[in-house]
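Coordinate analysis (summary)
One letter stands for each residue in the lines below.
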Amino acid sequence: MLLSPDDKRNRFEKILQQIERLLDQPGSTEERLQSICRMLREGIPYYHWVGFYRVDPEKDRELVLGPYEGEPTEHTRIPFGKGICGQAAEQGRTFVVPDVSKVDNYLSCSVRVRSEIVVPIVKAGGVVGELDVDSHDLAPFSSEDTEYLEKIARMISQRLF
Ligand code: SME
């Protein structure tokens, strides 16, 4: 389902308010990250899998899966540079892939996934994690998705990482 820019903005603004309320209430980091995944997946109809990866402090340049909503994935650990997630971690920038069948360095979680956006979570100049969204739709992401997911990643970096 594709939404107009205004519809997207309204939905993301509501989610930002929900996240603000969530961060004002008591709760563990894991519970809060899980709730943020749920809010995004329920609030944006083309977000079919939403999850967090963290940079594993015990390993050299490796991501480890954190809280997520959606189907289980076999990619619980991803080295820097591998797949979209590993490239986003290595380069420290957002990756938007409108059609995953058109890229080589991609790790498939499910044959139903057709597009993906990965936003790094940066702290003190370094990547500490990322927010990863998969969609079963082709090319659903626009500048609004990047703008709001980057905003959410900044909130999370300040308050939860
Ligand atoms: N598709 C990702 C792997 C993670 S799953 O989407 C949950 C990638 O290419 O890095």
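This section reports on the structure supplied with the text. Just so it is clear, the model here is predicted, and its values are computed rather than measured. (Residues numbered from 1 in each chain as written. Predicted model: local features only at pLDDT ≥ 70, side-chain atom pairs only at ≥ 80, totals over all residues. Heavy atoms only, no water.)

**Focus on the overall build of the protein chain**
For clarity, the threshold we go by: Helix and strand labels come from DSSP, where a helix needs a run of H or I of at least four residues and a strand needs a run of E of at least two; each type is numbered from the N terminus. Burial classes: relative accessible area under 20% of the type maximum marks a residue as buried, over 50% as exposed, and values in between as partly exposed (1.4 Å probe, protein chains only). In what follows, residue pairs with any heavy atoms lying within 4.5 Å of each other are defined as contacts. Only four residue types enter the charge count: Lys and Arg as positive, Asp and Glu as negative, with His and the chain ends excluded. Note that the charge is assigned to NZ on lysines, CZ on arginines, CG on aspartates and CD on glutamates.
The helix and strand inventory of the protein chain stands at four helices and six strands. Taken over the C-alpha atoms alone, the protein chain extends approximately 35 × 35 × 30 Å along its principal axes. Evaluated residue by residue, the protein chain yields a buried proportion of 49% over its 161 residues. Partitioning the intrachain contacts of the protein chain with sequence separation of at least 6 by distance along the chain shows that 54% fall at a separation of at least 24. Distance between charge centroids for the protein chain: 2 Å, based on 21 positive and 27 negative side chains.

**Notes on the packing of helix α1 (residues 5–24) against helix α2 (residues 29–43)**
Rules: Angles here are taken between N-to-C directions and fall from 0 to 180 degrees, while the axes themselves are lines fitted to C-alpha atoms, restricted in helices to the stretch in contact. By the definition adopted for this analysis, an angle is roughly parallel if under 35 degrees, roughly antiparallel if over 145, roughly perpendicular if from 65 to 115, and oblique otherwise. Left-handed describes a crossing whose near helix is turned anticlockwise from the far helix by less than a right angle; the clockwise case is right-handed. By the convention adopted, Pro, Cys, Tyr, Trp, Phe, Met, Ile, Leu, Val and Ala count as nonpolar, Lys, Arg, Asp and Glu as charged, and the other residues, Gly among them, as polar.
One can describe the packing of α1 onto α2 by two numbers: an axis separation of 10 Å at closest approach and a directional angle of 160 degrees. Classified by the angle between their axes, α1 and α2 sit roughly antiparallel to one another. As α1 runs across α2, the sense of the crossing is right-handed. Taking contact as the criterion, the partners of Arg11, Phe12, Ile15, Gln18, Ile19, Leu22 and Leu23 in α1 are, on α2, Arg32, Ser35, Ile36, Met39, Leu40 and Gly43. Across the contact of α1 with α2, the residue classes break down as eight nonpolar, three polar and two charged.

**Section: the sheet that holds strand β4 (residues 95–97)**
In plain terms, the rule: Pairing between two strands requires that DSSP report at least two bridges joining them.
Spatial strand order, β3-β2-β1-β6-β5-β4: six strands in an open sheet with antiparallel pairing. Each edge of the sheet is formed by a strand with only one pairing partner; in this case those strands are β3 (77–79) and β4. Averaged over all adjacent pairs, the angle separating strand axes in this sheet is 25 degrees, with direction ignored. For strand β5 (residues 115–123) and strand β6 (residues 126–135), the ladder comprises nine bridges, and the chain directions are antiparallel. Within the sheet, the bridge partner assigned to isoleucine 117 lies in β6 and is valine 133. Its contacts with the sheet place helix α3 (residues 83–91) against β1 (49–55), β2 (62–69), β3, β4, β5 and β6, and it is angled at close to 30 degrees to β5.

**Re the pairing of β5**
Consecutive side chains along a regular strand alternate between the two faces of the sheet. β5 sits mainly inside the fold: seven of its nine residues count as buried. Bridge count between β4 and β5: three bridges; the pairing is antiparallel. Note on β5: the bridge partner recorded for valine 96 is isoleucine 117. Hairpin connection, β5 to β6: the antiparallel pair is bridged by two residues, and alanine 124 has positive phi, about 50 degrees.

**With respect to unusual backbone geometry**
A positive phi angle, near 50 degrees, is found at alanine 124, a position not held by glycine. Positionally, alanine 124 belongs in the loop between β5 and β6.

**Some words on the environment of phenylalanine 141**
Along the chain, phenylalanine 141 falls in the loop between β6 and α4 (143–159). C-alpha separation for the pair phenylalanine 141 and glutamate 74, spaced 67 residues apart in sequence, amounts to 24 Å. Contact partners of phenylalanine 141, with chain neighbours within four places excluded, come to Lys8, Tyr46, Tyr47, Val96, Ser115, Glu116, Ile117, Val133 and Ser135.

**Points about the site of the ligand**
Formally: Proximity is defined per residue: any heavy atom of the residue falling within 4 Å of a molecule or strand makes that residue near it. The term polar contact refers here to a pair of N or O atoms within 3.5 Å; inside protein, the definition further demands a hydrogen-donor-capable atom paired with an acceptor-capable atom, and it admits residues adjacent in sequence only when both atoms are side-chain atoms. Only the protein chains shown count as cover for residues, and the accessible areas themselves come from Shrake-Rupley with a 1.4 Å probe.
Taken together, the neighbourhood of the ligand is formed by Trp49, Tyr53, Ile78, Gly83, Ile84, Cys85, Tyr106, Leu107, Cys109, Glu116, Asp132 and Asp134. A distance of 2.9 Å separates an oxygen atom of the ligand from a polar atom in the backbone of isoleucine 84. One of the side-chain N or O atoms of glutamate 116 is found 2.8 Å from a nitrogen atom in the ligand. Burial of the ligand by the protein amounts to 100% of the accessible area it has alone, namely 310 Å². If one sorts the elements of the shell around the ligand by residue count, α3 sits on top with three residues. Counted by class, the shell around the ligand contains eight nonpolar, one polar and three charged residues.

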